[in-house]
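# Breakdown of the fold
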Amino acid sequence: MHNQAHRERILILDFGAQYTQLIARRVRECGVYSEILPFDVNESAIRECAPSGVILSGGPETTTSGLTPRVPKAIFDLSVPILGICYGMQSLAQQLGGTVESSDHQEFGHADIQAASGISNSFLGTAFASSSDPGTLDVWMSHGDRVTRLPDGFECVASSVNAPIAAMQDRERKIFAVQFHPEVTHTTGGTEIIRQFVREECGSQGDWTPENIIEEAIHNIREQVGGDKVILGLSGGVDSSVVAALLSRAIGDQLTCVFVDNGLLRKNEREEVERAFSKHGDNSLNLNLVTVAAEEVFLSRLAGLDEPEAKRKVIGETFIEVFEQQANSIKGVAWLAQGTIYPDVIESAASKYGKAHVIKSHHNVGGLPERMRLKLVEPLRELFKDEVRKVGLALGLPASLINRHPFPGPGLAVRILGVVEKRSTDVLRRADAIFMEELRKADYYNKVDQAFAVYLPVKSVGVVGDARRYEPVIALRAVETTDYMTASWAHLPYNLIAVVSNRIINEISGISRVVYDVSNKPPATIEWE
C-alpha cells in the first residue's frame, strides 16, 4: 500500500508553544505520522486532516482573557481522543465548563506530581508504574495559570504542590490533559505518556516507518513528475543526498543533479561530492551530475552585506538563478527538487494572526520567482532531520555521509559574522577543517551532534614570535542535542580545545585568537546567525 505511512495521523494544534515541534517528533517516534496546524487554521482543514487523535500544544497566552486562542469547535466534532498540554489543558478546562485562574505560585522548571488515589485506568498509569518512585513523577512545568475546578465528567489523576489539578481525564469521551510538558526530556515518563495516548488511546498501529515512507515517497514522486525531467541542487549534505537517492530510485535518468561550488562550502566539499555521486565516482547511484563553478558570482552578490537575513535572501536568489540557467540548458526539465524538511516549513510560516515569529528564513522554502517555469518537488517536506537520516540509511547511503554534522544552506556566509569576502571564507574553511580533523582524531566527532568554527568581525592583538599580530578571532562551537530545538554546549576536553586553538593560530596567519562558545540553546541558537 503506497499510502501506508500516512494511514494514521495525529493532529497537533499549535497555540504558539516553543515545544510544539518536540510534540510532533515524540509522536513520530511512536511510529505514527503527526502534522502541525496553527490554532486558527480553517476548520475545513481540520476535517480534511481526518486525524485519529488530536494533541493541543502549550502556548504563551492565558485563558483568563477573552481575546486569546481557543480550541476550535471542529476539534470536538471529530469525536477522537484529545490530549491537552499546558495551555491546551487550560483551554479544555475553560471551554468545557471548568475554571482556570491565575496563580500566585507559578511553576517553571522541575516539579513532582503525585498520582491521585482511587483512580482506576488512569492514562498516566504506565508512566507512574515505570517511575523509580511509583506514584510520583519528576516533570517539567512552565505555567502561571492553573485549573481550579474540573469540568463535568472529568476526574483529577495527578497533582503537584502548586497545581492541585496537574492532570485530568474524561474516560468516556477520551479527553486527557496534563499541566506539564511530557514532550521534553526533562519529564520522567514523558515518552510513555505520549505513547499511551497515541498507540493505546488512539489505537494507532505504528505504520510511520522508513520503509513505508520510502515506498510512499517513490510512488508520489512518480505520480507528481510523470515522464518529466527533474533538476536537483546537490550540496552533499544529508538532505539533498537523501533527495537524490529517492529521486534516483523513483525516476532514474530523468534526474540531473547540479552541484554549485559557491565558494561558501567546507574544505574539499566539491571533490567529495563528485567522488560520491558522479557517474565517474565510487557510488552506486550513478547520477547525472553537473558541477558549476560560481564562487565569483556569489561573493560579488554578497559584497557589502552584513545582515544575516539579507545574506540568506541573496544566496537563495542566486541559487535559484543558477538552477534556472542549468534547467534552461537541459531539454525537458520541468521540476526543481529541493531538500526542504518539516522544520524549514514550520519556522518560515506564521499564523494569520501573526502569533508565530519567523526566527530565520530558509533559502529552500518557497521564494521562487514568478518567471521561473520550474515546479517544485520536495519529497522530504514532511520529515524531521532524524527521520531524513533514517530514510537515508534505509536507502543504502553510507553512514559516513548520513551522520555528517548539519551544515547551513547558506554555508559559511552565516558563519562569517559581518561582510563575507574571499579572504574570510578561505580562513574560516581552513579553521573549520582543523577543528573537524582534531575532533575525529580524538574520537569526539560522533560524540557531539554539531560542531563548527565561526569567523568573528572583531580583531584582537596577538604576538607570533617577535611580531605583533592584529587579526580576526575564531570561535569554536560544539553542542549536544537530541532534537536541535534545545542544545547544551559540549564539554570538550581542555587539551582537545588547546590542540585545535594552537593549530589554528599557528597554521593560519590571518587569526590572532581562538575562543570557545559555552552558550546553551535556549537562550542562544546553535548557529550564530
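The notes below deal with the structure included here. On a predicted model such as this, the values are computed, not experimentally measured, just so you know. (Residues numbered from 1 in each chain as written. Predicted model: local features only at pLDDT ≥ 70, side-chain atom pairs only at ≥ 80, totals over all residues. Heavy atoms only, no water.)

## Section: the pattern of salt bridges
Our working rule: Any carboxyl oxygen of Asp or Glu within 4 Å of a side-chain nitrogen of Lys or Arg constitutes a salt bridge here. To qualify as a helix, a DSSP run of H or I must reach at least 4 residues; to qualify as a strand, a run of E must reach at least 2; elements of each kind are numbered from the N terminus. Each residue's exposure class comes from its accessible area (1.4 Å probe, protein chains only) as a fraction of the maximum for that residue type: buried when under 20%, exposed when over 50%, partly exposed otherwise.
Using the criterion set out here, one finds 30 salt bridges in the structure. Across the salt bridge formed by Lys-441 and Glu-437, the nearest N and O atoms sit 3.4 Å from each other. One end of the pair is Lys-441 and the other is Glu-437, both in helix H15 (residues 422-441) and 4 residues apart, which spans about a single turn. We classify Lys-441 as exposed; its relative accessible area is 60%. Assessed through its relative accessible area of 35%, Glu-437 is described here as partly exposed. A salt bridge links Lys-441 to Glu-438, with the nearest nitrogen and oxygen atoms 3.6 Å apart. Here the residue Lys-441 and the residue Glu-438 both occupy positions in helix H15, the gap between them amounting to 3 residues, near one helical turn.

## Some words on the nonpolar core
What counts, and what does not: The term nonpolar core refers to a set of buried residues drawn from Ala, Val, Leu, Ile, Met, Phe, Trp, Tyr and Cys, joined through side-chain atoms within 4.5 Å. Here, two residues are considered to be in contact whenever any of their heavy atoms come within 4.5 Å of each other.
With 48 residues, the main nonpolar core has Phe-435, Ile-474, Leu-476, Leu-492 and Ile-504 as its most contacted residues. When residues in this core are grouped by element, the largest group, 7 residues, is from H15. In contact with Leu-492, other than residues within four places in its own chain, are Phe-435, Leu-439, Tyr-444, Val-448, Ala-478, Ile-497 and Tyr-516. Within the second largest apolar cluster, 42 residues are counted, among which are Val-230, Leu-232, Leu-255 and Ala-337.

## Here's the deal with the side chain of Ser-460
Position of Ser-460 relative to the elements: it lies in strand E15 (residues 450-464). Look past the residues within four positions of Ser-460 in its chain and what remains in contact with it is Arg-469, Tyr-470, Glu-471, Val-473, Ser-512 and Arg-513.

## Side note on unusual backbone geometry
With an omega dihedral of -15 degrees, the bond running from Lys-521 to Pro-522 counts as a cis peptide bond. With respect to the helices and strands, the residue Pro-522 is situated in the segment after strand E18 (513-516). Following Pro-522, the chain continues into Pro-523 via a peptide bond in cis, with omega recorded as 10 degrees. Among the structural elements, Pro-523 can be located in the segment after E18.

## Topic: the pairing of strand E11 (residues 255-261)
Applied cut-off: Pairs of strands are assigned from DSSP output, requiring at least two bridges between the strands. With strands facing away from the observer, any crossover in which the path from the first strand over the helix to the second runs clockwise is taken as right-handed.
Among the 7 residues of E11, 7 are classified as buried, and the element is accordingly described as predominantly covered. Residues Leu-255, Cys-257, Phe-259 and Asp-261 of E11 are buried on one face, and the alternating residues Thr-256, Val-258 and Val-260, pointing to the opposite face, are buried as well. Looking at chain direction, strand E10 (residues 229-233) and E11 are connected through 4 bridges and run parallel. Of the residues in E11, the one forming a bridge with Val-230 is Leu-255. For the crossover that starts at E10, traverses helix H8 (residues 238-251) and ends in the parallel E11, the hand is right-handed. In this structure, E11 lies alongside strand E12 (residues 288-293), joined through 6 bridges in parallel fashion.

## Observations concerning the sheet that holds E10
The strands making up a sheet associate through backbone hydrogen bonding, with each pair oriented either parallel or antiparallel. Stated formally: Interaxial angle, 0 to 180 degrees, is taken between N-to-C directions of lines fitted to C-alpha atoms, where a helix line uses only the stretch in contact.
One open sheet holds the 5 strands; their spatial order is E12-E11-E10-E13-E14, and the pairing between them is parallel. In this open sheet, the two strands that pair with only one neighbour each are E12 and strand E14 (375-377). With direction set aside, neighbouring strand axes in the sheet form an average angle of 30 degrees. Lying over the sheet, H8 contacts E10, E11 and strand E13 (333-337), oriented at roughly 165 degrees with respect to E10.

Interpretation note: all reported values are geometric properties and have no functional meaning in isolation.
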